[in-house]
Amino acid sequence: LLDGEDWVQVSSGHGFTEGPAVNAAGEVFFTDIPNNRIHRIAADGSVTIFAENTGSANGLMFGADGGLYACRTADAQIVRYAPDGSYKVVVEGIRGNDLVVLPNGTGYCTEPDAKKVWYFMADGQKKEVDVGIEFPNGLMVSPDHSLLTVSDTRGRFCWSFSIAEPGKLIAKQEYGW
């Protein structure tokens, strides 16, 4: 917040919002899961529908390529949206919730109902890298891409992993309360 300014409501009337992501132009994108939409908040504060029929899109993140990556939970897909709202499937077979995309186009994704964390590649390959966190949800990599932190929204802790190499996590430990 800016000194002397208060919170300002930007948008309302949504079913359930999730997955805020910001592009290089400073526009904010977010999902409205029950209404199958992704919205865009422009720099001037106007809110528009970016994409509809989004397969209950949940987590969003922009990649280094400028594409908006999304977990289409209902479709069990990770997709990449172009600036016009069209999309291409990147990975199939993951009912993902949240994701992180690394500069090389690979990434990590949580699948809460299956208690799994996945690694995925730009060519569509995927690899299970952890199983057993009660409800793995949000996740993020450290700025130097050496650590992955995964929240457990049904547990007491986040979990920290060292990224030994792409798609290989080691040293899993409780991190934070």
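Residues numbered from 1 in each chain as written. Predicted model: local features only at pLDDT ≥ 70, side-chain atom pairs only at ≥ 80, totals over all residues. Heavy atoms only, no water.

**Q** How would you sum up the environment of Asp44? Please name residues and give values.
**A** Position of Asp44 relative to the elements: it lies in the loop between strand 3 (37–41) and strand 4 (47–52). Residue classification places Asp44 among the exposed positions, given a relative accessible area of 65%. Distance from Asp44 to Trp159, taken between C-alpha atoms, is 38 Å for residues 115 residues apart in sequence. In this structure the side chain of Asp44 is engaged in a polar contact, spanning 2.7 Å, whose partner is the side chain of Ser46. (Helix = DSSP H or I, 4+ residues; strand = E, 2+ residues; numbered from the N terminus. Buried < 20%, exposed > 50% of the residue type's maximum accessible area, 1.4 Å probe, protein only. Polar contact = N/O pair within 3.5 Å; in protein donor to acceptor, adjacent residues only side chain to side chain.)

**Q** Would you mind going over the pairing of strand 1 (residues 17–22) in detail, with residue names and values included?
**A** Where strand 1 and strand 2 (residues 28–32) come together, four bridges link them in antiparallel fashion. Of the residues in strand 2, the one forming a bridge with Glu18 is Thr31. Count of turn residues in the strand 1/strand 2 antiparallel hairpin: five residues, of which Gly26 carries a positive phi of about 85 degrees. (Pairing = 2+ DSSP bridges.)

**Q** Residue-level account of the side chain of Asp32, with values.
**A** Position of Asp32 among the secondary structure elements: in strand 2. At 5.1 Å, Arg37 is the nearest oppositely charged side chain to Asp32, a buried residue that forms no salt bridge. Among the polar contacts made by the side chain of Asp32, one reaches the main-chain amide nitrogen of Phe16 at a distance of 3.3 Å. Setting aside chain neighbours within four positions, we find Asp32 in contact with His14, Gly15, Phe16, Arg37 and His39. (Lys, Arg positive; Asp, Glu negative; His and termini not counted. Salt bridge = Lys/Arg side-chain N within 4 Å of Asp/Glu carboxyl O. Contact = heavy atoms within 4.5 Å.)

**Q** Before we move on, can you summarise the sheet that holds strand 8 (residues 87–92) with the specific residues and values?
**A** Within the open sheet, the four strands sit side by side as 5-6-7-8. Their pairing is antiparallel. The sheet is open, and its two edges are formed by strand 5 (57–62) and strand 8, each paired on a single side. Each strand of the sheet is rotated relative to its neighbour by a mean of 25 degrees, with strand direction disregarded. Pairing analysis gives four bridges linking strand 5 to strand 6 (residues 68–72), with the strands arranged antiparallel. (Axes fitted to C-alpha atoms, helices over the stretch in contact; angles between N-to-C directions.)

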